[in-house]
Amino acid sequence: MTTDNQLDQASEEVANTDGVMMQLDYAAPSQISHVNESSGSLSEEQTAEHTQHVALFAQLNRSEVNFHGKIKSPLVFRDSLLALFDVVSSDYRYVPKDRSAYTVFMQMRRASSNKNLFTAQRDYFTWLFNNDPLAFCILDPLIQVHEQGVSFEVFSRDEGCYAQLTLTNEIFEKSAKPTLGTTSIDYSAALFNGIEKIRDHQQTILDIGHEAVCLQLLETTPDTDNGVVNSTSTDSAVTTPTVKKQIIEKRINVPKSWIRALLQVQSAGQLPQDTIHLDPIALYNVLFELRMHADIKGKRRGLLIELRPQHLPVIILEPFDITVTSQVSQQQKPYQGQQAKLIRLWGRRRLSLLKRLLPHTDSVSVSLLGQGMPSYWTLKGKGFHFTFAMTGFSQANWSQSLNFDLLLPKRPLHNTLAASEDLSDSGKATLNDSDDDSNDNDGLSILIKTLANTPSTLEDLVKSLSADASLTSVPVSRQQIQQWLLSGTQQGLVRYEMATQLYHYRPLTQVPLDMAQFAYHNEAEKQAFDLISRTDAVQKFSVETVAVKGITIRADIHVEEDRRTYHSQLQLGDEGLVTKAECSCPQYLQHRLTHGVCAHLIALRLRYNQYDPNNTGNESWHDTRVLSKRVPIKRFNQPKNNQESVQVKAANSSLMTLPSETMLDLTALAQPAAHSQATANDKIQTLTAQETSITYVYITIAHKKITIEQTIGDKDTRQQLVFNQPAQAKAAFLQHIARFEAKGFIENQGM
C-alpha cells in the first residue's frame, strides 16, 4: 500500500463519515417475467405471443414517469443493461490482506460445525448484516424519459466509474405516449438474472412506471341459502377484484464523497478536452492484450496514448510496450490538435466493463482531459450510445482528487433552486434569497427553465438566451452560459450527454442538495484552501525532480492563527501518488498519519498544482523533463514458428503474413493479397520493421549542471554539462528540450 492510500484512509477515519440519507419507495421490486397466452393480467398486445416483460418500478415520491414500448433489438437491450449493472456493482479499490477477517471466519466455522445448513447460513448473513451492511448494497440508477429515448445513469461503489446509457427511439416501438421526467428505478439482482435470459427470438417489452404490473385476484363466493349451494347462481356470482400492492422502502445512507464525485465527473465532461476516434477492433485489441498480460508488481500500469498532429492515435500498454492501432475501416480520424501529446491514463482494467457492448458497437470516441485526469469512452451503435468515464483516480488517491478539484470552477455553496419540483409543476424557478450572486442565479434559473422545455446544445442555448428579454441586466455570452451550465451540473440540476452534446434538465434528487456539505472533503481541506488564498502563507516553495525516483516538494507554511511556521515536505511518484510525507506541525509529530492528513500538507499539494516549470522566473533551478519516442526494431530474419506469424492462403494461392508481435497493425486485412512470393516476402520485412520500442530521455538541471540520460532498451548513455551561471544552464536546458522535440520526442507531462 502506498503512503497516499494510508493518508486517505487515515483522513477518512477522522473526517465526518455521516452521509446523506436517501429514502427510496417502490411499488414492487423490478422484475422480468415470462407471459403466456393464459395470463390475463396484461393487455392483448402483450399476450399475443410468448413475451418477456421487463418491469422497472419508479420511485413513488417523485414525479410520475411512464414508458411502454417493444424492443426491436433484444440483444442490444440485454447487453447494454448488463454492462450498466457491471459498472454500478464494480469495486476496484485495493483491499490489503487482513488476517482478522480470516480469524473471524475460522471462529464462525468452528462455532457452526455442528449446525445444519439453514442455521449456519442464517448466522452468516446475520453476522454480515451487523459487520458489513453495505456488502451487497447497489445504489439504484437514475433514469430519465425524454424526447430522444430513455437514459440511465450509474456510479460505481468505489467512486471510480461513471456510465450513461441512452436507448434511443430507434430501438423502441412505442404504443403509447410516454410521460417525460426523471426518477430512480429499482435495480435488483433478480432483475439482473432475468435480463441475462433475454433472447433474440423472444419478444421483449419495457415498462417503466410506478405500478407497471398489478396482480388482480378474483375471489368467487357462490350464493348460499341455508347452507345449500344454489348451482344456478354460481356462474353469475359477482366478484370483486382485489389489487395487491407491494411497497418496498429503502433507506440508504449515501456517502457524501459518492455524491460529490458523481457531480464532479458529470461536470468534467464539459471541460476542454482532446477527442480521438478509434475502431471497435482497436478497443478489443486493448482488452485482449490486458487479458493476456498480467500486471507486474513494481512496474508501470498505465495506458499511454500518443497523439501527433495529423496522425492516427496510438495506444501503448505499459510496461510491455505493446502498441495497438488499426486501420481496417475509415472510422479512425487523424488527431486534429496543434501539439504532440503523450497522455497517460490509470485504471485501465476498468475498460473490461465495456466488453459486453463491443459486438454491437459501430464507433468509439475517447475524450481526454489530461495526464491522470478522467477519460470518457463513448460507444455508439444502432439504437444506443454508451458513455463510460474513468475518473483517473480512486477513492484512496487524495492528491489526484485535489488536482481534479482545481480543474472545475468554485463549487456554489447554495443551491440555485429552492425546490426542483417547483420548476416541473409551475414552470417557474424559485431563487434562494441567501445567494449572493443574484444575477448568476437569475441567468441559471432561466437557462434551466429553457432546458426543462426541450434539451438543447450549447449553440442553441446561446441563440435563445441572447434573444431573451428577461436577461437584459445579465451579460449573455458563450463563456457566461458555459459557467451557468457548469454550475447547474455541480448542483445536480443539469445532465450533459457527450454523445449528442445535448444538455438535459435532470434533478439528481427530489429535494435540492445542500451544496455546503459538498464544498470540501473535510475540515482540513477547507483550512488548506484558506491558507492557499493568503499571500504569505506558503514560503520558500521549491520543487526538485529526480529522474525515475519522483518529485520532492518543500515549503514553509505560515499560519497566522498559530503564530508559527511549519516545514512541510512531500514526495510524489510517477503516478502522482504521495510516497512520503513529513510536517513539523503538532498533529503530525504526535500522531503521524494515523489521524489523517494535516492542512499544511494539503496546502503544499495545492501549491504544487500552481507550479509552472516553464516559467523562467521560478527561483528553483532543479527540474527534470522526461521525453520519449517510439523507435522501430528492424528484424530481417523471417519467423521460424507459427507463433510469430500466421499465414493465410489466399484465393490465388499466394501467401499473406500477419504479425502477432507487440505491434497490432491490421492494415493487412484491408489490403489485397500479394501477387507473388517476392511481394509477400517484402511485406513480411515491412511489417516486422514496424515493431517498436520506447526510448526515454531524462534531462535534469541542478543549479549550474545539466545531466542528459538516454535509455534505449538495456543500453544507457549519460552526459553532463556544467555552466558558469545558473541562467546559462537554464537557457541550455530549454534548448536541449527543444532539440529533442524537433527529433520527434514527446514530453511526458506529469512524470
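Scroll up for the structure.
Here the residue numbering is sequential within each chain, running from 1 through the sequence in written order. Given that this is a predicted model, residues contribute local features only at a pLDDT of at least 70 and side-chain atom pairs are listed and counted only at 80 or more, while totals for whole chains, interfaces and linings are drawn from all residues. Side-chain numbers come from the whole structure's heavy atoms, not from hydrogens or water.

K.L.:
Hey, could you run me through the packing of helix α13 (residues 523-532) against helix α15 (residues 599-609) in this one?
P.N.:
For any two helices packed against each other, one specifies the crossing angle of their axes together with the interaxial distance. With their axes 8 Å apart at the nearest point, α13 and α15 run at an angle of 50° to one another. Considered as vectors, α13 and α15 are oriented oblique to each other. Where α13 crosses over α15, the handedness of that crossing is right-handed. Judged by residue contacts, Ala524, Glu525, Gln527, Ala528, Phe529, Leu531 and Ile532 of α13 engage Ala599, His600, Ile602, Ala603, Leu606 and Arg607 from α15. Partitioning the contact of α13 with α15 into residue classes produces 9 nonpolar, 2 polar and 2 charged. For helices, the axis comes from a line fit to the C-alpha atoms of the stretch in contact; other axes are also lines fit to C-alpha atoms, and the angle between any two N-to-C directions lies between 0 and 180 degrees. Helix numbers and strand numbers start at the N terminus; a helix is a DSSP run of H or I with at least 4 residues, a strand a run of E with at least 2. Any angle that is under 35 degrees is reported as roughly parallel, and any over 145 degrees as roughly antiparallel; angles of 65 to 115 degrees are reported as roughly perpendicular and all others as oblique. Note on convention: near helix rotated counterclockwise from far helix by under a right angle means a left-handed crossing. Clockwise means right-handed. Working rule for contacts: check all heavy atoms of both residues, and any pair within 4.5 Å makes them a contact. Gly falls in the polar group here, along with every residue not listed as nonpolar (Ala, Val, Leu, Ile, Met, Phe, Trp, Tyr, Cys, Pro) or charged (Asp, Glu, Lys, Arg).

K.L.:
Help me understand the environment of Arg534 in this model?
P.N.:
Within the secondary structure, Arg534 is located in the loop between α13 and β26 (538-546). Put simply, Arg534 and Val559 are 25 residues apart on the chain and 9.9 Å apart in space, counted from C-alpha to C-alpha. The contacts of Arg534, once residues within four sequence positions are left out, are Glu560 and Glu561. Identification of polar contacts relies on pairs of N or O atoms within 3.5 Å, with a donor-acceptor requirement for protein atoms, meaning one able to donate a hydrogen and the other able to accept it, and with residues adjacent in sequence counted only if both atoms are side-chain atoms. Side chain to side chain, Arg534 and Asp530 meet in a polar contact 2.8 Å long.

K.L.:
Can you help me understand the sheet that holds strand β5 (residues 142-146) in this one?
P.N.:
For sheets, the rule is that strands pair by backbone hydrogen bonds, running either parallel or antiparallel. Strand pairing is assigned whenever DSSP identifies at least 2 bridges connecting the two strands. Reading across the sheet, the 8 strands line up as β9-β5-β6-β7-β23-β22-β21-β16 and stay open at both edges, with antiparallel pairing between neighbours. Across the chains shown, the open sheet's two edge strands, defined by having one partner strand only, are β9 (181-184) and β16 (274-278). Direction aside, the axes of adjacent strands within the sheet are offset by 15° on average. As judged from the 7 bridges shared by strand β21 (residues 361-368) and strand β22 (residues 375-381), these two strands associate in the antiparallel manner. Looking across to β22, one finds that Thr361 is bridged to Gly381. Sheet contacts for helix α2 (residues 74-88): β6 (149-155), β7 (161-168) and β23 (384-390); angle to β7, the most-contacted strand, approximately 160°.

K.L.:
Looking at this model, I keep getting lost on the pattern of salt bridges. Mind explaining?
P.N.:
For side chains of opposite charge, pairing can occur when their charged atoms come near one another. What counts as a salt bridge is simple: a side-chain nitrogen of Lys or Arg found within 4 Å of a carboxyl oxygen of Asp or Glu. Under the counting rule described, the total for this entry stands at 19 salt bridges. Between Asp295 and Arg349 there is a salt bridge, and its shortest N-O distance comes to 3.0 Å. With Asp295 in the loop between α7 (280-292) and β17 (303-307) and Arg349 in the loop between β20 (341-345) and β21, this pair connects stretches of sequence that are 54 residues apart. For Arg349, a relative accessible area of 28% translates into the label partly exposed. Several salt bridges share partner residues, and in doing so they unite Glu153, Arg495, Glu497 and Arg506 into one network. When accessible area is computed with a 1.4 Å probe and restricted to protein chains, residues below 20% of their type maximum are described as buried, those above 50% as exposed, and intermediate ones as partly exposed.

K.L.:
Sorry if this is basic, but what is going on with the nonpolar core here?
P.N.:
As a rule of thumb, soluble globular proteins bury nonpolar side chains together. Buried Ala, Val, Leu, Ile, Met, Phe, Trp, Tyr and Cys residues that are joined via side-chain atoms within 4.5 Å together make up what is termed a nonpolar core. Formed by 65 residues in total, the largest nonpolar core has its most connected members in Leu56, Leu84, Phe152, Leu206, Trp377, Phe386 and Phe388. Sorting elements by how many residues they give to this core places α2 first, with 9 residues. In contact with Leu206, other than residues within four places in its own chain, are Val54, Leu56, Phe67, His68, Gly69, Ile71, Phe77 and Phe172. Ranked by size, the runner-up nonpolar core spans 45 residues in total, among them Met373, Leu451, Leu465 and Met498.

K.L.:
So what exactly am I meant to see when it comes to unusual backbone geometry here?
P.N.:
For residues that are not glycine, phi is negative in most cases, and the peptide bond is trans in most cases. Each neighbour pair has its own omega, and for Glu318 with Pro319 the value is -5°, a cis peptide bond. In this structure, Gln310 is a non-glycine residue whose phi angle is positive, near 60°. Residue Gln501 is not a glycine yet carries a positive backbone phi of 60°. By the element assignment, Gln501 lies in the loop between β24 (494-497) and β25 (502-505).

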